[in-house]
Amino acid sequence: MFLFLAQASFAAIKLHELPMASDFHLGLVTGVGTGLNFGAIFRFPLNNTMQIGAEIEPLMTDVNYSATMNAIRFGGVISYLINDEMMLNGHAGMYNLKTNQDINYVKDGTLHTFVAQTNYKGSYVAISLDYYYEPWGVKFSPKYVFNTVSDFNLQFNEIDFNITKPL
């Protein structure tokens, strides 16, 4: 038992020594509805200008002041450091989506209905630009997201504006 705990401790120490950048963000979301998102990104450096990592991001949106649409996104991030103040990010991953009421959404003349309490799965790709504002110690990050709901092949776009606190 002691040998097992010692090996686990050494593995934890090695993970602790890995260089890692992480941040927490809070943002405004517009898409099918409007609302808030919050999440975290964990990145590991590949070299002086590139980082790769993972993200998790819950979203809570309101549609026509009557229904809510909640989603949890999880995926990967690849980042390119442009200079000390700016970073370009590519995001891709999957999400789960659920609404509390039926929501009708018209896209290209076709009516799509999100049925209440149904779990929809989808994927997303996004691009964002982080601008680090040193006096406040935060990053401002506009993000453009392309969402695809797998259940009925619906695609819709979303714009996020995040305020990020590096940890």
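Placed above this text is the structure.
The notes below deal with the structure included here. (Residues numbered from 1 in each chain as written. Predicted model: local features only at pLDDT ≥ 70, side-chain atom pairs only at ≥ 80, totals over all residues. Heavy atoms only, no water.)

Turning to the overall build of the protein chain, a few remarks are in order. What the protein chain contains, in helices and strands, is one helix and 10 strands. By the burial criterion, 35% of the 167 residues in the protein chain qualify as buried. Residue pairs at least 24 apart in sequence account for 49% of intrachain contacts in the protein chain once pairs closer than 6 positions are excluded. In the form shown here, the protein chain has an accessible surface area of approximately 10000 Å², with 66% of it arising from carbon and sulfur atoms. (Helix = DSSP H or I, 4+ residues; strand = E, 2+ residues; numbered from the N terminus. Buried < 20%, exposed > 50% of the residue type's maximum accessible area, 1.4 Å probe, protein only. Contact = heavy atoms within 4.5 Å. Areas by Shrake-Rupley, 256 points an atom, 1.4 Å probe, with all protein chains shown as cover.)

A word on unusual backbone geometry. Although it is not a glycine, D108 adopts a positive phi angle of roughly 55°. The phi dihedral of Q117 falls on the positive side, at around 60°, and the residue is not glycine. Positionally, Q117 belongs in the loop between strand 7 (110–114) and strand 8 (120–133).

Turning next to the pairing of strand 5 (residues 86–99). Every second residue of strand 5 is oriented toward a common face, the buried set being M87, N89, H91, G93, Y95, L97 and T99 and the non-buried set M86, L88, G90, A92, M94, N96 and K98. Bridge analysis of strand 4 (residues 67–81) against strand 5 gives 13 bridges, and the strand direction is antiparallel. From the neighbouring strand, I78 faces strand 5, where its bridge partner is G90. Counted along the chain from strand 4 to the antiparallel partner strand 5, the turn is four residues long. Direction of pairing for strand 5 relative to strand 8: antiparallel, over a ladder of 12 bridges. Looking at strand 8, one finds that M87 is bridged to D130. (Pairing = 2+ DSSP bridges.)

Within the element layout of this structure, Y80 appears in strand 4. Note: C-alpha distance between Y80 and M50 (30 residues apart in sequence) is 4.7 Å. Contacts of Y80, omitting those with residues within four sequence positions, involve T49, M50, M86, M87 and L88.

It is worth spelling out the packing of aromatic side chains at this point. Both the distance between ring centres and the angle between the ring planes are used here to describe each pair of aromatic rings. This model, assessed by the stated rule, comprises seven aromatic pairs. With a centroid separation of 6.3 Å and an interplanar angle of 20°, the aromatic rings of F140 and F161 are classed as stacked. In this pair, F140 is assigned in strand 9 (residues 138–149) and F161 in strand 10 (residues 154–166), connecting sequence segments 21 residues apart. Ring centres of Y144 and F146 lie 4.9 Å apart, and the angle between their planes is 80°; on these two criteria the pair is classed as edge-to-face. According to the relative accessible area criterion, Y144 is partly exposed, its value standing at 31%. (Phe/Tyr/Trp six-rings, centres within 6.5 Å; stacked < 30°, edge-to-face > 60°.)

We now examine a nonpolar patch on the surface. Together, F24, L26, L28, L36, F38, M60, F161, I163 and L167 give the surface a local cluster of nonpolar side chains, amounting to about 870 Å² of exposed area. Looking at the nonpolar patch, the elements that each hand over two or more residues are strand 1 (21–30), strand 2 (34–45) and strand 10. Sorting elements by how many residues they give to the nonpolar patch places strand 1 first, with three residues. Among the secondary structure elements, F24 is positioned in strand 1. Residue F24 is classed as partly exposed on the basis of its relative accessible area of 43%. (Patch = residues over 30% accessible without salt bridge, like charges linked within 9 Å, V, L, I, M, F, W, Y side chains within 5 Å. Salt bridge = Lys/Arg side-chain N within 4 Å of Asp/Glu carboxyl O.)

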